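Working through the structure, step by step
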Amino acid sequence: MKEIKIEEKEVSKYTRRSWLAFVNLFVLSGAGIAGWRGLSTQPLDGGILGGIPTPLRKGLETNEKLFRSTFNNLKLIKEYPKSEAAKKVRVNGAVGLEEASFEPTQWTLDLQKADNKSQSITLVELKKLPKTEIIYNFKCIEGWSQISWWGGVRFVDFCNHFGLNKEAQMQYVGMCTPDQEYYVGIDRESALHPQTILAYEMNGKPLIAEHDAPLRLIIPIKYGVKSLKRIGSIYFDNEKPSDYWAERGYDYYIGH
Ligand SMILES: Nc1nc2c(c(=O)[nH]1)N[C@H]1C(S)=C(S)[C@@H](COP(=O)(O)O)O[C@H]1N2
Ligand SMILES: [Mo]
């Protein structure tokens with residue numbers, strides 16, 4: 001008799017608990033829907049991260065870890081201490097780097113803006129912008145990877161500095177070598193990703209010719225093919241820009 005009573009008590013306790021759990025679930029999911037409605041009716045800011053509602057952007061700035069798990073396309077690639085970076089960095093691929101007349105000291109970046117305007121940017125100008133360093137595992141589709149250390153300007157900082165609001169709303173960024181032999185197309189989100197940089201340093205020193213001086217793209221969320229060496233020009237488009245390896249059968253968005 002006594003035992004049964006205890007059982008009854010237990011049962012009612014469980015029933016009550018699951019009822020509470022049910023109520024909780026209901027309240028929480030309601031809050032979730034209300035929260036989502038709130039977000040989706042938020043005005044879109046006209047800035048670089050314009051596609052992202054203001055509260056999400058706030059979160060993006062203050063809590064990247066959370067967003068890393070929530071929004072896959074904004075995940076952050078693992079970073080390493082400088083001590084783990086390779087001293088001797090592998091050189092791979094020289095398409096677009098064979099121009100005998102190329103003179104790094106004469107180089108300027110050709111930025112093609114909306115409304116057919118263009119701007120020549122010097123390395124001195126780029127170096128005045130905040131420098132971001134990244135040490136990550138650089139992966140090539142050929143099957144090798146190497147931890148390497150790069151320094152330069154975050155692409156999103158570059159866009160903000162040069163007032164590329166309209167341009168950065170476009171779906172793609174295209175980049176190519178000065179001789180236009182190697183070229184890549186990058187989707188907007190990946191280009192504006194916080195770890196994407198226009199690099200002018202490797203291992204804390206100016207880029208050497210092979211990697212390639214004076215400026216290259218470093219885009220950790222993509223495979224090495226997208227990290228174009230010796231950037232000659234940058235442009236923005238809503239159509240997919242031509243992409244050297246996509247034309248040769250590789251996935252256009254090749255990332256990991
Ligand atoms: N201009 C140019 N950039 C390029 C390539 C190339 O052939 N030409 N090869 C790509 C490939 S496949 C890889 S893996 C990386 C290699 O960069 P690294 O030479 O600094 O290791 O550069 C990428 N960028
Ligand atoms: Mo590669």
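Provided above is the structure to which this section pertains.
Below is a short write-up of the structure.

Considerations on the site of ligand 1
As a structural note, the neighbourhood of ligand 1 is formed by 19 residues, with Arg90, Val95, His211, Arg216 and Lys229 the closest of them. Interatomic distance of 2.6 Å between a backbone N/O atom of Arg90 and an oxygen atom of ligand 1. The separation between a nitrogen atom of ligand 1 and a polar main-chain atom of Val95 is 2.7 Å. Grouping the constituent residues of the shell around ligand 1 by class yields 10 nonpolar, six polar and three charged.

A look at the nonpolar core
Trp150, Phe155, Phe158, Met175, Leu198, Ile231 and Ile234 are the most contacted members of the largest nonpolar core, which has 51 residues in total. The leading source of residues in this core is strand E7 (residues 197-202), at five residues. Formed by five residues, the second largest nonpolar core is a distinct cluster that contains Tyr80, Ile135, Ile147 and Trp149.

Brief notes about the sheet that holds strand E1 (residues 109-112)
The mixed open sheet is built from five strands, whose spatial order is E2-E1-E10-E5-E6. Each end of this open sheet is capped by a strand with a single partner; those strands are strand E2 (118-121) and strand E6 (183-187). For this sheet, the mean inter-axis angle between neighbouring strands, taken without regard to orientation, is 20 degrees.

Focus on unusual backbone geometry
The step from Ala213 to Pro214 runs through a cis peptide bond, and the omega angle for that step is -5 degrees. Look at Asn116: it is not a glycine, yet its phi comes out positive at around 60 degrees. With respect to the secondary-structure elements, Asn116 resides in the loop between E1 and E2. Notably, Gln180 is not glycine yet its phi reads approximately 65 degrees, a positive angle.

Some remarks on the pattern of salt bridges
For the coordinates displayed, the defined rule picks out nine salt bridges. In this structure, the salt-bridge partner of Glu201 is Lys131, at a minimum N-O distance of 2.9 Å. With Glu201 in strand E7 and Lys131 in the loop between helix H4 (123-127) and strand E3 (132-139), this residue pair connects regions lying 70 residues apart in the sequence. With a shortest N-O distance of 3.6 Å, Asp212 and Arg230 are connected by a salt bridge. Placement of the pair is Asp212 in the loop between strand E8 (205-206) and strand E9 (216-218) and Arg230 in the loop between E9 and strand E10 (233-237), with a sequence separation of 18 residues.

A closer look at the packing of aromatic side chains
The final tally for this structure, using the stated rule, is 12 aromatic pairs. Their ring planes at 55 degrees and their centres at 5.1 Å tell us that Phe158 and Phe162 sit as a pair that is tilted. Per residue, the accessibility class of Phe158 equals that of Phe162, and both read buried. Positioned above the aromatic ring of Phe102, the side-chain terminus of Arg230 is 3.8 Å from the ring centre. One cation-aromatic arrangement involves Lys240 over Tyr252; the distance from NZ or CZ to the ring centre is 4.9 Å.

Rules used in this analysis
Residues numbered from 1 in each chain as written. Chains lettered and ligands numbered in written order. Predicted model: local features only at pLDDT ≥ 70, side-chain atom pairs only at ≥ 80, totals over all residues. Heavy atoms only, no water. Near = heavy atom within 4 Å. Polar contact = N/O pair within 3.5 Å; in protein donor to acceptor, adjacent residues only side chain to side chain. Nonpolar A, V, L, I, M, F, W, Y, C, P; charged D, E, K, R; others polar. Core = buried A, V, L, I, M, F, W, Y, C linked by side-chain atoms within 4.5 Å. Buried < 20%, exposed > 50% of the residue type's maximum accessible area, 1.4 Å probe, protein only. Helix = DSSP H or I, 4+ residues; strand = E, 2+ residues; numbered from the N terminus. Pairing = 2+ DSSP bridges. Axes fitted to C-alpha atoms, helices over the stretch in contact; angles between N-to-C directions. Salt bridge = Lys/Arg side-chain N within 4 Å of Asp/Glu carboxyl O. Phe/Tyr/Trp six-rings, centres within 6.5 Å; stacked < 30°, edge-to-face > 60°. Lys NZ or Arg CZ within 6 Å of the ring centre and 35° of its normal.

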